[in-house]
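So you can see what is in the structure, the chains are spelled out below.
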Amino acid sequence: MHPQERHSQPPAHVMPRRLAIVLLALGAALVAFSVVWLVAVSPSYRLLRPDYHRSEMLQGTFSDLDSASGTFAEWTVTVHREWQAEGATDRALALYEATSATVPEGAAPFAFPDTASHLNVDRKTGAYLSTLYGGRRGNFSPPPGLKPGDSFTLWVQAVLWAVPVRYEGAVSVNGVVALLFRGEALDLPLDREPSGIIQHGADVMVELQVEPRTGYVVSRAEHITLKVMDGKVPVRTQSVTDLRFSEDEVARQARLARGERLRVALLGTFMPWALLGLGALLSVEGLFLLLVASWRRRAARSI
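Small disclaimer: the values here were computed from a predicted structure and weren't measured.

## Details of the environment of Asn 120
Link 1 in the chain: Within the fold, Asn 120 resides in strand 4 (residues 115-122).
Link 2 in the chain: Overall, Asn 120 belongs to the partly exposed group, its relative accessible area being 21%.
Link 3 in the chain: Separated by 25 residues in the primary sequence, Asn 120 and Leu 95 place their C-alpha atoms 6.2 Å from one another.

Here it is as structure tokens:
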């Protein structure tokens, strides 16, 4: 090789040094981006989504006492519930809630009136914000991030009471590892005379199977007994409602829960940590190339 051509090429240590600077800059940028993501963005994936939209369908029976004959008439019933986000802040989620029921002709439609409500709930806990929406207490839905041993209070609109539900164990539902919660409340007063005498009461039993990371309910069952009361003493049963998710509804909710869990895991956990690891790896590689370039430069000067 001609001496002039040899001197026109950059020294052997220059290229590794340039590549090292590029890798260090890229690695530092990825690390900084990942840290910001973990601190500012990832926590939002542990909250109710600002575009929250859920629906569920329960099927079952409604039995009502015929006071004339003293016997119960039973009907099948299907209840649809839907929640749609109307707006969100860092803390609160505004929801539109609609409930409707399908009952056979001749049944008791007054037992399942169509309702629509505007709600405000806490995005972290799923609890009603009493300062913004009076009358309801507890949670409209299980909160995201549940763990074994947790408990919460679930609002049951049919009786206008909040029922404590407690962790009962873990179950597998259509490929979803869910936490089982059960709640029971007996002789809940539904109304009072001016004298304070209770005229009607209710027994409520609820069972939820919840995907813990997202708070999605993959299976729900409700058993509500309305009773005529004399003070605190039950006199007779007036009606019994038994509702639950069908197998098709359980499969649908489990599919939605798997999809939401994957989204939360991917964007809330995996992606920022993967980018952080990649940034650290590029930074280490850049430092290594800087050391190689420095060693080659010293070796070239010693010749």
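## Describing the packing of aromatic side chains
Describing an aromatic ring pair means giving the distance of the ring centres and the angle of the ring planes.
Link 1 in the chain: By the definition in use, this model includes 6 aromatic pairs.
Link 2 in the chain: Relative to Phe 140, the ring of Tyr 52 has its centre 5.9 Å away and its plane inclined at 75 degrees; by these criteria the two rings are edge-to-face. Of this pair, Tyr 52 sits in the loop between helix 2 (14-41) and strand 1 (53-66) while Phe 140 sits in the loop between strand 4 and strand 5 (151-156), and the two are 88 residues apart along the sequence.
Link 3 in the chain: On the basis of relative accessibility, which here comes to 5%, the residue Phe 140 falls in the buried class.
Link 4 in the chain: Here a set of aromatic residues connected by ring pairs shows up, and it is made of Tyr 52, Trp 83 and Phe 140.
Link 5 in the chain: For the cation-ring pair, Arg 54 lies above Tyr 216, with the distance from its terminal atom to the ring centre recorded as 4.1 Å.
Link 6 in the chain: The ring of Trp 161 carries the charged tip of Arg 137 above its face, separated from the ring centre by 5.8 Å.

## What about the pattern of salt bridges?
Link 1 in the chain: Within the structure shown, the criterion is met by 16 salt bridges.
Link 2 in the chain: With a shortest N-O distance of 2.9 Å, Arg 49 and Glu 260 are connected by a salt bridge. Of this pair, Arg 49 sits in the loop between helix 2 and strand 1 while Glu 260 sits in helix 3 (residues 247-302); the two residues are 211 residues apart in sequence, bridging distant segments of the chain.
Link 3 in the chain: On the basis of relative accessibility, which here comes to 25%, the residue Arg 49 falls in the partly exposed class.
Link 4 in the chain: The class of Glu 260 is buried, set by a relative accessible area of 8%.
Link 5 in the chain: Where Arg 136 meets Glu 97, a salt bridge forms, and the shortest distance between an N and an O atom there is 3.1 Å. Of the two residues, Arg 136 sits in the loop between strand 4 and strand 5 while Glu 97 sits in strand 3 (residues 92-102), which places them 39 residues apart along the sequence. Both residues of the pair, Arg 136 and Glu 97, count as buried.
Link 6 in the chain: If you follow the salt bridges from partner to partner, you end up with Arg 49, Asp 51, Glu 260 and Arg 263 in one network.

## What to know about unusual backbone geometry
Link 1 in the chain: The backbone phi angle of Leu 160 is positive, close to 55 degrees, even though this residue is not glycine.
Link 2 in the chain: Structurally, Leu 160 can be placed in the loop between strand 5 and strand 6 (161-173).
Link 3 in the chain: The phi angle at Asn 174 is positive, at roughly 50 degrees, despite the residue not being glycine.
Link 4 in the chain: Mapped onto the secondary structure, Asn 174 falls in the loop between strand 6 and strand 7 (176-192).

## Points about empty space enclosed by the protein
Link 1 in the chain: Per the stated rule, a full pass over the model turns up 1 cavity of 30 Å³ or more.
Link 2 in the chain: Within this model, the largest cavity holds a volume of roughly 50 Å³.
Link 3 in the chain: If you list the elements that add at least two residues to the lining of the largest cavity, you get strand 1 and strand 9 (216-230).

Criteria and thresholds
Residues numbered from 1 in each chain as written. Predicted model: local features only at pLDDT ≥ 70, side-chain atom pairs only at ≥ 80, totals over all residues. Heavy atoms only, no water. Helix = DSSP H or I, 4+ residues; strand = E, 2+ residues; numbered from the N terminus. Buried < 20%, exposed > 50% of the residue type's maximum accessible area, 1.4 Å probe, protein only. Phe/Tyr/Trp six-rings, centres within 6.5 Å; stacked < 30°, edge-to-face > 60°. Lys NZ or Arg CZ within 6 Å of the ring centre and 35° of its normal. Salt bridge = Lys/Arg side-chain N within 4 Å of Asp/Glu carboxyl O. 1 Å grid on protein atoms, 1.4 Å probe; cavity = no way out; pocket = protein on both sides within 12 Å on 5 of 7 lines; lining within 4 Å. Points joined across faces, edges and corners; volume = space filled by probe spheres on them.

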